Amino acid sequence: MAKKMIINCGDCDARNVSEETLAAYESIVINAGTVLVTPEAKNLLNRYAVTMNCGDVLELEKDVKLSSINGSAQIKSTDVVPVRTYLDINGSLEIGPNTEKVLQQYVGISVNGTVTYPESMGGFLSVLSVNGSTVCYPDEAVVLKRNAVIDKTFVLRAKKKLYWSAKRMIMVDPELDAAALAAKGATFSTKEVILAQSKVEALIDLIDEQAEIVIVPDGTAVIRDDVELNDMVLKKYGTKLYIIGDLHVPKEAGEALAQLEYLSVQGDAGVTEQWKELLLEKADRITGDIKVLRGRTITGKMSARISGWMLEQEPEGISVVDCMKVRLDEDIPNRLILERLSVRDCMNVECTPEQESALGAVCEDVMKIGRGEESDLGIGDILKGVLGGAKELLDTKVINAGDYVL
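If you're wondering where the values come from, they're calculated on a predicted model, not measured in any experiment.

Enquirer: Would you explain the sheet that holds strand β22 (residues 283-286) in this entry?
Expert: The strands making up a sheet associate through backbone hydrogen bonding, with each pair oriented either parallel or antiparallel. Read from one edge of the open sheet, four strands run β16-β18-β20-β22, paired in parallel fashion. Both edges of this open sheet fall to β16 (221-223) and β22, since each of them pairs with a single strand only. Within the sheet, the average angular offset between the axes of one strand and its neighbour, ignoring direction, is 10 degrees.

Here you go:
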């Protein structure tokens, strides 16, 4: 019989675990999103060599059914809830109006994320446990996306209603008929509204007074993502940019930067030294940090390899930004690393032990610096590892499942 057990699953139901099962193994490892226990089962697990690597441990009675959701979920007044259900959400939950009776059917609801609900439902949320934030909205409001775009198409469907968004509304479409929107009686409530200059007078009275108004020049494109500036970006969006994200300006982007008529960055800006002053001149606002990059830039790669030859060819240096894995050739001297390499916002940088100190001086916001998973083991070591691993596998019972009952 196997001496060890490893369970990899989404939910592990250990409420009915027996002492006989636990005693049959030297050790049990549970890797799960959620582990269900009763007080009795919890005490039993603590008496044996059981390791739990999990997001949450829930104490529920044996007859309670767990419903787990990763992502977004809604509770509507028409929902039919099975008897004795516990709802566990890792993401966002939107609670609809008139859902009092539905909420009462749940034994409990836990949310690791954001909960949105109408004001009238505030007194019915005792069943709710939230690790995150809660946002309520007026009962009569129509709920839009967190980043709601109000454009010419929206006007065609608009009604005499209050429209609400949890985060922001974007009103920059040149074809947005502000007069028609006002004539329909639509009003808007949100935290922030990005408004084209020519639409301000016609739309300002339709917007909740508590909303922050951000006025941008006509023709401005709002980009909700990180941007690497180049000619293709200008062809797609034009020369007036409002970026909700980070901006990256490589050394090849000088001409594109010079063409910008308006720039606002709601994030960090990475720029080579030669274009730093021009960026500051062009930018109306940069809310984050300005990070100076070295010469040639490599950005947004799953894997990037840096060789000594590459560094030798770039007198101004190389900047590696926002890559998952960066691997340095072993023959790159520390002198060259210090003089010509910069690494920012990367997950893992693989190098030799001798290169670690130099990389520590040129890396910023890097999760790990050091040797990768590959090693320089001899054939004897490899065979020993394989044979040892094979024996360990024979002694281990591994269970991979979506949900598992222990």
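Enquirer: Would you mind going over a negative patch on the surface with me for this structure?
Expert: On the surface, Asp225, Asp226, Asp246 and Asp322 cluster together into a patch of negative charge. Take Asp322: its relative accessible area is 45%, and that puts it in the partly exposed class.

Enquirer: For this particular structure, what's the right way to read the packing of aromatic side chains?
Expert: Between two aromatic rings, the relevant description is the distance of the centres plus the angle of the planes. All told, the structure shown has four aromatic pairs when counted by the stated rule. Between the aromatic rings of Tyr137 and Trp164, the centroid separation amounts to 5.1 Å while the plane-to-plane angle is 35 degrees, which identifies the pairing as tilted. Pair noted here: Tyr137 is in strand β8 (residues 133-137) and Trp164 is in strand β11 (residues 162-164), with a separation of 27 residues, a long-range link. Summarising the burial analysis for this pair, Tyr137 and Trp164 share the class buried. Taken together, the ring pairs connect Phe154, Tyr163 and Phe188 into an aromatic cluster.

Enquirer: Honestly, the sheet that holds strand β27 (residues 325-328) in this entry has me stumped. Any pointers?
Expert: Ordered by their spatial adjacency, four strands build an open sheet running β25-β27-β29-β31, and the pairing between neighbours is parallel. The open sheet has two edge strands, β25 (303-306) and β31 (368-370), and neither has a second partner. Direction aside, neighbouring strands of the sheet carry axes that sit 15 degrees apart on average. Inspection of the sheet shows β25 paired to β27 by four bridges, in the parallel sense. When the sheet's bridge partners are listed, Arg305 is paired in β27 with Arg327.

Enquirer: Hey, could you run me through the environment of Met347 in this one?
Expert: Residue placement: Met347 occurs in the loop between β28 (341-344) and β29 (348-350). For the pair Met347 and Glu252, spaced 95 residues apart in sequence, the C-alpha to C-alpha distance is 25 Å. Excluding anything up to four places from it in sequence, Met347 contacts Cys323, Met324, Val366, Met367 and Lys368.

Enquirer: Can you help me understand a positive patch on the surface in this one?
Expert: A grouping of Arg157, Lys159, Lys161 and Lys184 is seen on the molecular surface, where their side chains present a positively charged patch. Among the secondary structure elements, Arg157 is positioned in helix α4 (residues 152-157). Under the relative-accessibility criterion, Arg157 is labelled exposed at 62%.

Parameters and conventions
- Residues numbered from 1 in each chain as written.
- Predicted model: local features only at pLDDT ≥ 70, side-chain atom pairs only at ≥ 80, totals over all residues.
- Heavy atoms only, no water.
- Pairing = 2+ DSSP bridges.
- Helix = DSSP H or I, 4+ residues; strand = E, 2+ residues; numbered from the N terminus.
- Axes fitted to C-alpha atoms, helices over the stretch in contact; angles between N-to-C directions.
- Patch = residues over 30% accessible without salt bridge, like charges linked within 9 Å, V, L, I, M, F, W, Y side chains within 5 Å.
- Areas by Shrake-Rupley, 256 points an atom, 1.4 Å probe, with all protein chains shown as cover.
- Salt bridge = Lys/Arg side-chain N within 4 Å of Asp/Glu carboxyl O.
- Lys, Arg positive; Asp, Glu negative; His and termini not counted.
- Charge placed at Lys NZ, Arg CZ, Asp CG, Glu CD.
- Buried < 20%, exposed > 50% of the residue type's maximum accessible area, 1.4 Å probe, protein only.
- Phe/Tyr/Trp six-rings, centres within 6.5 Å; stacked < 30°, edge-to-face > 60°.
- Contact = heavy atoms within 4.5 Å.

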